[in-house]
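As a plain string of letters, each chain reads:
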Amino acid sequence: MRRLRWWIVLVVLVFLVFILAPTLVQAVTNWWWFEEIGYQVVFTRQLVTQTLLFLAMGAVTFAVLYVNLRVAQRGVVLTPLVVLGGPSAPRVDVTRVARSLTLPATLLIGLLAGLGATPGWLMVLQALHGTRFGTVDPLFGRDVGFYVFTLPALSALLSYLTTITLFTLLLVAAVYAMRGDVVVRRQAVRVERSAGLHVAVLLAVLLLLVAVRLWVVDTSNLLYSTTGPLLGASYADVHAKLPAQRLSAIVAVAAAVMVLIGGFRERLPRYTLYAVGGYAVVAILGRGLVPAAMEKFVVAPTELTREAPYLGYHIAATRRAWGLDSVQVRELGGEAPLSLADLKANTPTINNVRLWESGPLLQTFRQMQEIRTYYDFISVDDERYWINGQYRQVLLSPRELNPASLPAQTFINQHLTFTHGMGVTVAPVNEVTTEGLPQLFVKDLPPTSSVSLTVTRPQIYYGELDPEYVITATRQREFDYPTGDTDVYTPYAGTGGVPVKSFLRRLLFAARFGTSKILFSGDITDQSKVLYVRRIMDRARQALPFLTFDPDPYLVITADGHLKWILDAYTSSDHYPYSEQLSDGTNYMRNSVKLVIDAYNGTLKAYVATPGDPLIRTWERVFPGIFSPLDSMPADLRAQLRYPGQIFRIQTALYATYHMDSPVSFYHREDQWQIPFVSRATGGSAPFMRRMIMKLPGEAKEEYVYMVPFTPRGKNNLAAWMVARSDGAAYGKLRVYLLPRQTMVFGPTQVESRINQKTEISSQVSLWDQHGSQVLWGDLLVIPIERSLLYIQPLYLQAAGSSIPELKRVVAAYHDQVAMEETLDGALADLFGGTVGTGRSAPLATGGGTAPVRAAAADAALRGLIAQARQHYDAAVAAQRSGDWARYGTELKALGDLLQQIAGSR
């Protein structure tokens, strides 16, 4: 026993040093962090809920096990057992050992059960504060809130009670077997009366729990069944499995009663066999064989007729759960020919055609604007601003500090001196220098701007990289940015960070970050502040652990020149009845929160973007005071909000099928769409999903949208295109434009084939390849203009040994016409017989001075005249064939005038 006590003392010491102490250090420093950002309610609610769960589940587990084991051990006197062979082997008093181990063993199991329950704190809070959806399921008529909030907690509770009851039953049965109260003979099993009553009660409780689960949980889970053609209760589920589950529940209750009777009559084994056997027969026949037979012999021969109502439930639920029921549908009618006048009427769209892809541009930024090895560009954000009075689409990339690239990896360098990134680089999506490089609106260190968009607070202390902690206000100077042969040092003046204040805090920070240098450094003072959890995604997840976040945060420049991150946060569930699920089980999602994080101060501000979402209303009740209405967001920030990419990709993938709201059409998949793909590898993972500025058909002005085209499944022609709107009052609205079925509209794959077949293009690409340069094709852009579609594709050239891609050509395609020129204006002039006058893309340089620019402009004008002449000639031939001689004469006259202009221009 003395040796046992020493082992217990050792285990306790190990627990205190390696488990409890680090946990306390983490908890205390986390509390300081939550205090810094003003989200103490999240920390305290989590801590209190987890503590209560730990105590409740631990206490219940301990009490159930301990009481039952003590009852089973009452008055037990067992003969000592031989543990080693031979007559002289040591003997152990099993009674004494079992009784001495009962308390510590049940305490340990209770401790483990309590710890295992703590991760369910969010589920418990949801169940306690859940709100109504206002929509009922079509099978049971319950509000959807029951399935989203209550059912998961109820299912977990029943699983816990079933597990602890079964575990207790097995332990008690083992004790009774050891004490000889259960004797197994050849033809019978004898159970002592008191032992039989005890086992009967536990077995009856287990059967009652099974009955409750069947009646409430399992019947509800039919709404997520996959036995039919789609997710949700099918015909066989409703007409066979549901009645069988209810019958099984009734049989389980009857079996519980029978077991109790058997215990009182001292015939527990026989009654248990009858009860459990009867339940098993009903379960196998009713919940297994009968539904399978009905599915095969009743449903399968007339599946559409039987399943049509349930398909309707599934379609309607999926459209509601994923926000597809509010998609606006517009029919474009017949396609109108696109003319030069149409292009000029949509100049803002042409002026913002995206010629720069994020991949090539990121490489260029890294070579031209990183400036020092310890800076890094890791992402490019697609945004729009009013610049010099024009609505412009730009690409913005933050210049972040990468501690891993510091020349000297010392404590002072990594944590006290080099503390932050510096500024951004901003380029318009379609402006090109004569060397084929992007024009830069904002560049260099410190950031300078050539336009009205300026940065006044360029320091980035909180970003996308995974930086370590830094300590500000120390005796070491903080590096700000390099300039010439000297460096500029600026102390941190923000509100972020946790004050050091005392030796105790130093000790805890040293323990958290695993370094004694914090404790003994003479550079750190009581006025110093520790900035940690600086990666914005980690910061958001720790502050709002009940939300999921879009993987693409973006940095915006406010009206006063400060830098702020915007993260799109989602509420989601995997318990929306009848709704289609993703691979991870999610079947409901809303972009309910816009989270703003200051890149300098690290402050967080959460704005509710969809106040009608029941999940965010629930979280507002759970964590009062941390959410603000979207109307309170500053106007300059609200103007930069954009529709998030993750949910739009999901919605478009689902809408390709779920735009068919008729069960018959849906079953036959007669009008299923797909997002097109191309064989040539391009820079984007979803090459046809693009943010752009354009004027939607029927709208008065241009706006910032997220656009994707659709083609019929297995076909290449275009069927429709969809946009998610991001500006003003239209923010968040989805709209689909349907193309006429009777008209052939070329899709991206067909256009790509025409581009590949163009002799001038293929020969030029081959020529570049022969010289060792790498040709990089940009994404094929689908540009809706009025009721027509224009295709644009940039082409980049990366010289051998160079890591800077240059924009060399722009390909434009309309109908069966394809043109490739040095500029977008030139390509459009080839197609439509005149320049739009974008003024955005300079012709690529072939020499010095302005002569190449003037020559390129003259060539573009000449090509435009030739294209117009070709159009008039084609029109004259068509008029001749139709016998329209008046129009024939008009077209010939126009052709003659153009030929004179061409002769004069040469």
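The structure displayed is predicted, hence computed values, not measured ones.

**Thoughts on the overall build of the protein**
Then, in step 1: Of regular secondary structure, the protein possesses 25 helices and 35 strands.
Then, in step 2: In the protein, which comprises 906 residues, the proportion classed as buried is 51%.
Then, in step 3: Within the protein, residue pairs in contact and separated by at least 24 positions form 66% of the contacts whose partners lie at least 6 positions apart.
Then, in step 4: Carbon and sulfur atoms provide 58% of the accessible area of the protein, an area that totals close to 40500 Å².

**Some words on helix α19 (residues 645-658)**
Then, in step 1: When the terminal C-alpha atoms of α19 are compared, their 19 Å separation across 14 residues agrees well with the 20 Å that a helix rising 1.5 Å per residue should span.
Then, in step 2: With eleven of its 14 residues buried, α19 lies for the most part within the structure.
Then, in step 3: Within the span of α19, buried status applies to G645, I647, F648, I650, Q651, T652, L654, Y655, A656, T657 and Y658.

**Quick notes on the confidence of the model for the protein**
Regions with low pLDDT should not have their predicted coordinates read in detail.
Then, in step 1: Confidence in the prediction for the protein averages 88 pLDDT; 89% of positions are at 70 or higher.
Then, in step 2: Confidence over residues 842-857 falls short of pLDDT 50; this stretch has 20 contacts with residues more than four positions distant or in other chains.

**Overview of the side chain of D382**
Then, in step 1: Within the secondary structure layout, D382 lies in strand β7 (residues 381-387).
Then, in step 2: Of the residues examined, D382 reaches a relative accessible area of 7% and is grouped as buried.
Then, in step 3: There is a polar contact of 2.8 Å between the side chain of D382 and the side chain of Q393.

**Observations regarding a nonpolar patch on the surface**
Then, in step 1: A surface patch of nonpolar side chains, about 450 Å² in accessible area, is lined by V281, I284, L285, L289 and V290.
Then, in step 2: Inspection of the secondary structure puts V290 in helix α8 (residues 268-299).
Then, in step 3: On the basis of relative accessible area, V290 is assigned to the partly exposed category, the value being 41%.

**Let's talk about the pairing of strand β27 (residues 690-694)**
Then, in step 1: Most of β27 is tucked away, with five of its five residues classed as buried.
Then, in step 2: Along β27, one buried face is formed by R690, M692 and M694 and the opposite face, lined by R691 and I693, is buried too.
Then, in step 3: Pairing between β27 and strand β28 (residues 703-712): five bridges, direction antiparallel. When the sheet's bridge partners are listed, M694 is paired in β28 with E703.

**What about the pattern of salt bridges?**
Then, in step 1: On inspection of all chains with the given rule, the structure shows 18 salt bridges.
Then, in step 2: The closest approach of N and O atoms between E266 and R193, which form a salt bridge, is 3.7 Å. Taken as a pair, E266 in the loop between α7 (235-264) and α8 and R193 in helix α6 (residues 193-221) lie far apart in primary sequence, 73 residues in all.
Then, in step 3: Exposure remark for R193: the relative accessible area of 37% places this residue in the partly exposed category.
Then, in step 4: Two residues, R638 and D631, come together in a salt bridge whose shortest N-O distance is 3.2 Å.
Then, in step 5: Taking the relative accessible area as the measure of exposure, D631 reaches 65% and is therefore exposed.
Then, in step 6: Through salt bridges that share partners, E699, E703, R725 and R735 make up one connected network.

**Things to note about the packing of aromatic side chains**
Then, in step 1: Under the defined criterion, the tally for this structure stands at 39 aromatic pairs.
Then, in step 2: Ring geometry for Y313 versus Y578: centroids 5.6 Å apart, planes at 70°, classification edge-to-face. Note that Y313 is positioned in helix α9 (residues 303-321) and Y578 in the loop between β22 (563-573) and β23 (588-598), a separation of 265 residues in sequence.
Then, in step 3: The exposure class assigned to Y313 is partly exposed, which follows from its relative accessible area of 32%.
Then, in step 4: Taking relative accessible area as the criterion, Y578 reaches 1% and is therefore assigned buried.
Then, in step 5: An aromatic cluster of three or more residues is present, and its members are W32, Y469, F509, F513 and Y532.
Then, in step 6: The aromatic ring of W215 is capped on one face by R246, whose charged end is 5.7 Å from the ring centroid.

**Describing the packing of α6 against α8**
Then, in step 1: Here α6 crosses α8 at 15°, and the two axes come no closer than 11 Å. The orientation of α6 relative to α8 falls into the category roughly parallel. The two elements α6 and α8 meet at a crossing, and its hand is left-handed. Contact residues: α6 offers G196, V199, A200, L203, V210 and L214, while α8 offers L268, T272, Y279 and R287.
Then, in step 2: For the contact of α6 with α8, the class distribution of residues is seven nonpolar, two polar and one charged.

**Section: the pairing of strand β16 (residues 479-483)**
Then, in step 1: In terms of burial, β16 is largely enclosed, as four of its five residues are buried.
Then, in step 2: Two strands pair when backbone bridges link them, and β16 and strand β17 (residues 486-489) are joined in this way by four bridges, in the antiparallel orientation. Paired with P482 across the bridge in β17 is D487.
Then, in step 3: Remark: two residues form the turn of the hairpin made by β16 and β17, two consecutive strands paired antiparallel; G484 in that turn has positive phi of roughly 60°.

**As for the sheet that holds strand β19 (residues 529-531)**
Then, in step 1: Judged by pairing direction, the sheet is antiparallel, and its three strands sit side by side in the order β15-β19-β18 without closing on themselves. Looking at strand neighbours, the two that pair on one side only are β15 (470-472) and β18 (498-499), the edges of this open sheet.
Then, in step 2: The pairing of β15 with β19 spans three bridges and is classified as antiparallel. In the sheet register, T472 faces β19, and the bridge partner there is K529.

Definitions and limits used
- Residues numbered from 1 in each chain as written.
- Predicted model: local features only at pLDDT ≥ 70, side-chain atom pairs only at ≥ 80, totals over all residues.
- Heavy atoms only, no water.
- Helix = DSSP H or I, 4+ residues; strand = E, 2+ residues; numbered from the N terminus.
- Buried < 20%, exposed > 50% of the residue type's maximum accessible area, 1.4 Å probe, protein only.
- Contact = heavy atoms within 4.5 Å.
- Areas by Shrake-Rupley, 256 points an atom, 1.4 Å probe, with all protein chains shown as cover.
- Expected span 1.5 Å × (residues − 1).
- pLDDT = per-residue confidence, 0-100.
- Polar contact = N/O pair within 3.5 Å; in protein donor to acceptor, adjacent residues only side chain to side chain.
- Patch = residues over 30% accessible without salt bridge, like charges linked within 9 Å, V, L, I, M, F, W, Y side chains within 5 Å.
- Salt bridge = Lys/Arg side-chain N within 4 Å of Asp/Glu carboxyl O.
- Pairing = 2+ DSSP bridges.
- Phe/Tyr/Trp six-rings, centres within 6.5 Å; stacked < 30°, edge-to-face > 60°.
- Lys NZ or Arg CZ within 6 Å of the ring centre and 35° of its normal.
- Axes fitted to C-alpha atoms, helices over the stretch in contact; angles between N-to-C directions.
- Parallel < 35°, antiparallel > 145°, perpendicular 65-115°, else oblique.
- Left-handed = near helix turned anticlockwise from the far one by under 90°.
- Nonpolar A, V, L, I, M, F, W, Y, C, P; charged D, E, K, R; others polar.

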